[in-house]
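Now for the letters of each chain:
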Amino acid sequence: MNKDLTTGKPGRNLLLYTLPLLGSVLFTQLYNVADSLVAGKFIGESALAAVGNASEITLIYTAFAFGCNIGCSVVVSQLFGAGDRRKLKTAVSTSYISFGLLCALLTILGLLFSPTMLRLIKTPDSIFADSRAYILIYTLGMPFVFFYNIATGIFSALGDSRTPFIFLAASSSANIVVDILFVKAFHLGVPGVAWATVLCQSVSCILAVVVLSIRLRSMDSGEAKPELFSLEILKKILKVAIPSILQQAFTSVGNIIVQGIINGFGESIIAGATAALKLNAISTSCLSAAANGLSTYTAQNIGADKPERIKPGYRAGLLLGALTCVPLVAAYCCFGGSLVGLFIDNPSAEAIETGILFLRIVSPFYFVIMLKIMTDGVLRGAGAINFFMISTFADLFLRVILAAIMSNIFDSLGIWLSWPVGWTIGALLSLGFYFAGVWKRAKL
């Protein structure tokens, strides 16, 4: 159900709203983790390397989808906080039309140029065919990824984080079963893993869009009929969406460049890094989910003209983020080898050592990246998009440059060392922007 985050205790509101978001992001990661687990366990180390290699390119698609999610979510949150149901419905239909066209363009470009991108990142010939098949199939299912993200962004803006969690939990669980069925029973290999993901994503997307449509029809928007499309509202959505898309897209491009550097060290390093990066993605995604909750909280209170509620909400968000980091850091530092081994059947010693090393270097800095991600949640919700972009680009630029330089000095170890440096600089910038009060002056 819809939830107003502009009243009540900030900490309690944020916690109850964010818990389903954390569950949702865990199930979202389960999609990717399931693909890698099934590929590594039931097909082999080369299949895991192929899926991990391809996933870095598919992240560009999800970067666009997530940027669209943030754009419509922030605007709809502010309209919901302001009580303007008519414009809220117009914002929803405007988002569907605009981002639907963007999705169609990206699908065409993806089908045409994904193989070329694989060559650009120096994909080894031994995994090229499987990587290409995975990307092309995933591209065909991109509309489901887009419309699911738009729908969940709107649900979140309305204060409902539970409904999309239910859909995602069901489809993610089904994805594991279908993955194994397609690989073990039908012997479809890596393409089977991709088809399973597309099938389950389509189910969650259709359910989310249908339920959202019913929910919106039940909301009273007054006597005047909402517009189907508004250029004025689109400009506001794009003011948030474009920087978010650019930030996510450049992050994905940066990850692709780093993946290209990793690819130069052979299949075992690729496989070990893939497993560790999947585990790392679970952690950063959990923190991002908490930050998304803080963004919605901030946007609703900005819309309701209650800026005094932002600071206590921010403090509650930081506490929640810190509590999220503790078990993750402990698990990765103490049981990193066992966790990496889950992804690979009969792993080589080099693959396991690579995964362990990455996790032990990077995971203690989750508390640092938590500060950045949570602070960015406030900046984004207030509409101060340019500032969190600056800190994110600084982080990304440093990580890519340092990975390229240090890999020539310390081999693959140099790549892993670049993460803490980039995260620390980015966190310092975001905190500086927050305490400078730029979120108080931001306007859509």
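Along each chain, residue indices are assigned from 1 in the same order as the chain's sequence is written. In view of the model being predicted, local features appear only for residues whose pLDDT reaches at least 70, and side-chain atom pairs are presented and counted only at 80 or more, with totals across whole chains, interfaces and linings using the full set of residues. Side-chain calculation: all heavy atoms of the structure are included, whereas hydrogens and water are not.

A. How the structure looks around the overall build of the protein chain. Going along the chain from the N terminus, every DSSP run of H or I of four or more residues is numbered as a helix, and every run of E of two or more is numbered as a strand. Looking only at helices and strands, the protein chain features 15 helices and 0 strands. Values of the radius of gyration come from C-alpha atoms, whereas the globule rule sets the reference at 2.2 Å times the count of residues to the power 0.38. The C-alpha radius of gyration of the protein chain comes to 21 Å, within 12% of the 22 Å expected for a compact globule of 444 residues. Viewed in the frame of its principal axes, the protein chain has a C-alpha envelope of about 65 × 45 × 35 Å. Whether two residues are in contact is decided by their heavy atoms: any pair within 4.5 Å suffices. Counted over contacts in the protein chain with a minimum sequence separation of 6, partners at least 24 positions apart contribute 85%. Per-residue accessibility takes into account occlusion by the displayed protein chains alone, with areas from the Shrake-Rupley method and a 1.4 Å probe. Carbon and sulfur atoms form 69% of the exposed surface of the protein chain, whose accessible area is close to 17,100 Å². Positive residues here are Lys and Arg, negative ones are Asp and Glu, while His and the chain termini are left out of the count. Working definition for charges: the position is that of NZ of Lys, CZ of Arg, CG of Asp or CD of Glu. Across the protein chain, the centroid of the 31 positively charged side chains sits 11 Å from that of the 22 negatively charged ones.

B. Representation of the packing of aromatic side chains. Aromatic pairing here means that ring centres of Phe, Tyr or Trp (its six-membered ring) are within 6.5 Å. Orientation follows from the plane angle: under 30 degrees is stacked, over 60 is edge-to-face, and everything else is tilted. Under the defined criterion, the tally for this structure stands at 12 aromatic pairs. Plain terms: the ring middles of Phe-358 and Trp-419 are 5.1 Å apart, the flat faces sit at 85° to each other, and that makes the pair edge-to-face. Linking Phe-358 in helix α11 (residues 349-362) with Trp-419 in helix α14 (residues 412-435), this pair joins segments that are 61 residues apart in sequence. For Phe-358, a relative accessible area of 1% puts it in the buried group. With relative accessibility at 6%, the residue Trp-419 sits in the buried group. Aromatic rings pair up to connect Tyr-314, Tyr-434, Phe-435 and Trp-439 into one cluster. Whether a charge sits over a ring depends on NZ of Lys or CZ of Arg being within 6 Å of the ring centre and within 35 degrees of the ring normal. A cation over a ring is seen here: Arg-119 above Phe-128, with NZ or CZ 3.8 Å from the ring centre. Only protein chains enter the accessibility calculation, which uses a 1.4 Å probe; a residue is then buried when its area is under 20% of its type maximum, exposed when over 50%, and partly exposed in between.

C. Representation of the packing of helix α3 (residues 85-120) against helix α7 (residues 189-217) within the structure. Here, axes are lines fitted to C-alpha atoms. For helices the fit covers the stretch in contact, and angles between N-to-C directions go from 0 to 180 degrees. α7 packs onto α3 with a crossing angle of 155° between their chain directions and a minimal axis gap of 11 Å. In this view, α3 runs roughly antiparallel relative to α7, as classed from their interaxial angle. Crossing angle aside, the handedness with which α3 passes α7 is left-handed. Taken together, the residues of α7 that come into contact with α3 (itself represented by Leu-88, Lys-89, Val-92 and Tyr-96) are Val-209, Leu-212, Leu-216 and Arg-217. When residues are grouped by polarity, Ala, Val, Leu, Ile, Met, Phe, Trp, Tyr, Cys and Pro land in nonpolar, Asp, Glu, Lys and Arg in charged, and all others, Gly among them, in polar. Residues of the contact of α3 with α7, tallied by class, amount to 6 nonpolar, no polar and 2 charged. Note on angle classes: values under 35 degrees are labelled roughly parallel, values over 145 roughly antiparallel, values of 65 to 115 roughly perpendicular, and the remainder oblique. Rotating anticlockwise by less than a right angle from the far helix to the near helix defines a left-handed crossing, while the corresponding clockwise rotation defines a right-handed one.

D. Here's a closer look at the pattern of salt bridges. Any carboxyl oxygen of Asp or Glu within 4 Å of a side-chain nitrogen of Lys or Arg constitutes a salt bridge here. This structure, assessed with the given rule, holds 4 salt bridges. Asp-125 serves as the salt-bridge partner of Arg-119, at 3.2 Å between the closest nitrogen and oxygen. The class of Asp-125 is exposed, set by a relative accessible area of 66%. The salt bridge involving Asp-395 is made with Arg-399; its shortest N-O contact spans 2.9 Å. Residue Asp-395 and its partner Arg-399 are located together in helix α13 (residues 385-410), separated by 4 residues, close to a single helical turn. Comparing Asp-395 with Arg-399 shows no difference in burial state: the two are buried.

E. The layout of surface pockets, seen in detail. Space inside the largest pocket adds up to approximately 250 Å³. Each cavity reported here is a set of points on a 1 Å grid over the protein atoms alone in which a 1.4 Å probe fits but cannot get out, each pocket an open set with protein on both sides within 12 Å along at least five of seven lines, and each lining residue one with an atom within 4 Å of a point. Lining the largest pocket we find Lys-89, Thr-90, Val-92, Ser-93, Tyr-96, Ser-213, Leu-216, Arg-217, Lys-225, Pro-226, Glu-227 and Leu-228. Listed by contribution, the elements that provide at least two residues to the lining of the largest pocket are α3 and α7. Its residues assigned to classes, the lining of the largest pocket shows 5 nonpolar, 3 polar and 4 charged. Grid points are joined across faces, edges and corners, and a volume is the space filled by probe spheres set on the points.

F. Structural detail: helix α2 (residues 45-82). For α2, with 38 residues, the first-to-last C-alpha span of 53 Å sits near the 56 Å given by 1.5 Å per residue. Consider a residue and the seven residues that end there alongside the seven that start there; fitting an axis to each set, the bend is the angle between those axes. The sharpest bend along α2 comes to roughly 35°, located at Glu-56. Burial analysis of α2 places 32 of its 38 residues in the buried class, the great majority of the element. Positioned one or two residues after α2, Gly-83 has a phi angle of 80°, which is positive. A helix's residues, less one, multiplied by 1.5 Å, set its expected span.

G. Quick look at the packing of helix α9 (residues 267-303) against helix α12 (residues 366-382). Packing of α9 against α12 brings their axes to within 7 Å, and their N-to-C directions diverge by 30°. Comparing their axes, α12 and α9 come out roughly parallel. Between α9 and α12 lies a crossing of right-handed hand. Taken together, the residues of the contact of α9 with α12 break down into 13 nonpolar, 9 polar and 1 charged.

H. How the structure looks around α14. Given a rise of 1.5 Å per residue, 24 residues ought to cover 34 Å, and the 37 Å separating the end C-alpha atoms of α14 matches this to within 8%. Backbone geometry just after α14 places Gly-437 at a positive phi near 80°.

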